[in-house]
Amino acid sequence: ERKVQALVDGKIPFYEPYMEELVADARENLKFTTSYAEAIPGAHVVFIAVGTPPGKNGSPDLRYLEAAARGIGEHIGDQFLVVVNKSTVPIGSGNWVGALVREAYEKKNGKKANGAFAVASNPEFLREGSAILDSLYPDRVVIGADQQRTSEVLYSLYRPILDQTFKAPSYMPRPEGLGAVPLISADLASAELIKYAANAFLALKISYINEIGQLAEKVGADIGQVAKGIGLDARIGTRFLQAGIGWGGSCFGKDTAALVATASEYGLDAQIVKAAREVNAHQRDRVVEKLLGELKILKGRTIGLLGLAFKPHTDDLREAPALDIARQLLDRGARVKVHDPVAMERFQKENAGLDVTCVATAEEVAADADAVVLVTEWPEYRELHWDKIKATMHNPVILDGRNLLNRTALTRAGFKVLGLAG
Ligand code: UDX
């Protein structure tokens, strides 16, 4: 209710570039409510976009999805309604949501729900931090439905995006050369699997480059050049080959875990996805191992962390590597100072348990520190006056966890530069 009230007041309850502008532009067409009775009757399409946080054994917690499905079922009016699963849900959830909506409808109305509604799956592929860009100019739109009639409602809804006929907002111009957006029309189970398989593939691309990064370090190769050299092969592609601390966030961890859990329900062992998860977890441990290797003793040392959010341009801290790294350092008796350009407020609200010192600037993170770790690749960290910062540090050690900084310049300035890849 608090979040909905914030939206009514024109405030966005999280940080996402240009979201405020977009919501302000669309003001006339938007209404925010917590009431099913206000939202559902009369609607042609309802998107379920509730959270599906990780539950036990890696399978997602579907409580919110269930509540939404029942709430919708109880309030369907006379109009044919398409109920869309936008949340990332386990394969088979389309059927499950359908059953819940039907049950709630029939209980409320005392009659069969035949033809009153249908369920579709419409997975999202947007990245936090570039959510609006990804939504308005997607690589593809996936619609999963078991009936032609249902898919047609969604085609017509997506038509302006598919044909790119909408007026582009001034702050988010249409990328040059963007033509019609491909539409994948699939059955429900395929659409659901597309989402998991896409996220797991991106996750394993990152783990792959991190594994190669470890080897690059051993043989004295430059992972940046290696990534470019393999990425320019169109079959591989340049994106998601940035080596470093690895992935965090609400999607890759959860979705790879869910894929492993679903596979195991069917008696399959998703070995490649499991391995990608292990490599990713190990990257965080390696940060602490590297610091230990350099400083020998972590007890009583002061370590500065640059970046808290799981990636730049967001204040999302879910599964953020910084939290894990801070916890491991604290466990080993180090003092930890942290900074993030936008996620500090959320961090202070959500992570009271972590006994770290929050400071207002990147420079303060480094002051008197025995080492600084660059955890999140915020572009402003590249622009810091590292030579001035060096003078304030107790020990000029920097671990560039994202291969963001100019190593040669830092070494020339007298820093001991550590990394996770060659
Ligand atoms: C992801 C998917 O990209 C998106 O399609 C899906 O709908 C939701 O999940 P998101 O989690 O917002 O999006 O962020 P993303 O940009 O994918 O980054 C995920 C993590 O991978 C971040 O921690 C990022 O730092 C890391 N990453 C990304 C790398 O370590 N290397 C890379 O090359 C790219």
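Up top is the structure these notes are about.
Residues numbered from 1 in each chain as written. Predicted model: local features only at pLDDT ≥ 70, side-chain atom pairs only at ≥ 80, totals over all residues. Heavy atoms only, no water.

Colleague: What am I meant to see in the site of the ligand here?
Modeller: Neighbouring the ligand are 20 residues, the closest being Phe 125, Glu 128, Gln 242, Phe 310 and Lys 311. Between Phe 310 and the ligand, the recorded distance is 2.8 Å, taken from a backbone N or O atom to an oxygen atom. Separating an oxygen atom of the ligand from a side-chain N or O atom of Arg 402 is a distance of 3.3 Å. When isolated, the ligand has an accessible area of 670 Å², and the protein chains bury 94% of it. Sort the elements by how many residues they give to the shell around the ligand and helix H8 (residues 188–219) lands first, with 3 residues. In terms of residue class, the shell around the ligand is made up of 9 nonpolar, 4 polar and 7 charged. (Near = heavy atom within 4 Å. Polar contact = N/O pair within 3.5 Å; in protein donor to acceptor, adjacent residues only side chain to side chain. Areas by Shrake-Rupley, 256 points an atom, 1.4 Å probe, with all protein chains shown as cover. Helix = DSSP H or I, 4+ residues; strand = E, 2+ residues; numbered from the N terminus. Nonpolar A, V, L, I, M, F, W, Y, C, P; charged D, E, K, R; others polar.)

Colleague: I tried to follow the packing of helix H10 (residues 252–265) against helix H11 (residues 271–295) on my own but got confused; where do I start?
Modeller: Angle between the axes and distance between the axes are the two parameters that describe a pair of packed helices. One way to put it is that H10 packs onto H11 with a least axis distance of 9 Å and a crossing angle of 145°. The element H10 and its partner H11 pack so that their crossing is left-handed. Residues Gly 253, Thr 256, Ala 257, Leu 259 and Val 260 of H10 touch H11, and the partners they reach there are Val 273, Lys 274 and Arg 277. Within the contact of H10 with H11, the residues separate by chemical class into 4 nonpolar, 2 polar and 2 charged. (Axes fitted to C-alpha atoms, helices over the stretch in contact; angles between N-to-C directions. Left-handed = near helix turned anticlockwise from the far one by under 90°. Contact = heavy atoms within 4.5 Å.)

Colleague: How do you make sense of the packing of aromatic side chains when you look at a structure like this?
Modeller: For any two aromatic rings, the description comes down to two numbers: the centre-to-centre distance and the angle of the planes. A complete count under the given rule lists 5 aromatic pairs for this structure. Both rings, one in Trp 247 and one in Phe 252, keep their centres 6.2 Å apart while their planes meet at 90°; by these two values the pair is edge-to-face. In this pair, the class of Trp 247 matches that of Phe 252, namely buried. The structure contains a cluster of three or more aromatic residues connected by ring pairs, namely Phe 240, Trp 247 and Phe 252. Looking at Arg 140, its charged tip hangs above the ring of Phe 125, at a distance of 3.5 Å from the centre. The ring of Phe 166 carries the charged tip of Arg 174 above its face, separated from the ring centre by 4.7 Å. (Phe/Tyr/Trp six-rings, centres within 6.5 Å; stacked < 30°, edge-to-face > 60°. Buried < 20%, exposed > 50% of the residue type's maximum accessible area, 1.4 Å probe, protein only. Lys NZ or Arg CZ within 6 Å of the ring centre and 35° of its normal.)

Colleague: Would you take a moment to explain the packing of H11 against helix H12 (residues 321–331) for this structure?
Modeller: The contact between H11 and H12 brings their axes to 9 Å, and the two run at 40°. Put simply, H11 runs oblique to H12. For the pair H11 and H12, the sense of crossing is right-handed. Residues Arg 284, Asp 285, Val 287, Val 288 and Leu 291 of H11 touch H12, and the partners they reach there are Pro 321, Asp 324, Ile 325, Gln 328 and Leu 329. Its residues assigned to classes, the contact of H11 with H12 shows 6 nonpolar, 1 polar and 3 charged. (Parallel < 35°, antiparallel > 145°, perpendicular 65-115°, else oblique.)

Colleague: Can you help me understand the environment of Pro 17 in this one?
Modeller: As for its placement among the helices and strands, Pro 17 is situated in the loop between helix H1 (2–8) and helix H2 (19–25). Sequence separation between Pro 17 and Glu 294 is 277 residues, and the spatial gap between their C-alpha atoms is 38 Å. When near neighbours in sequence (up to four residues on either side) are disregarded, Pro 17 contacts Gly 129, Ile 132 and His 313.

Colleague: Mind showing me how you'd approach the sheet that holds strand S10 (residues 397–400) here?
Modeller: Note on sheets: strands pair through backbone hydrogen bonds, and any given pair is parallel or antiparallel. In spatial order, the strands read S8-S7-S6-S9-S10-S11; together these 6 strands make up an open sheet with parallel pairing. The strands lining the two open edges of the sheet, one partner per strand, are strand S8 (357–358) and strand S11 (416–419). Note that S10 and S11 share 4 bridges and pair parallel. Across the sheet, the residue bridging to Leu 399 is Leu 418, located in S11. Relative to S10, H11 is tilted by about 160°, and along the sheet it contacts strand S6 (302–306), strand S9 (371–374), S10 and S11. (Pairing = 2+ DSSP bridges.)

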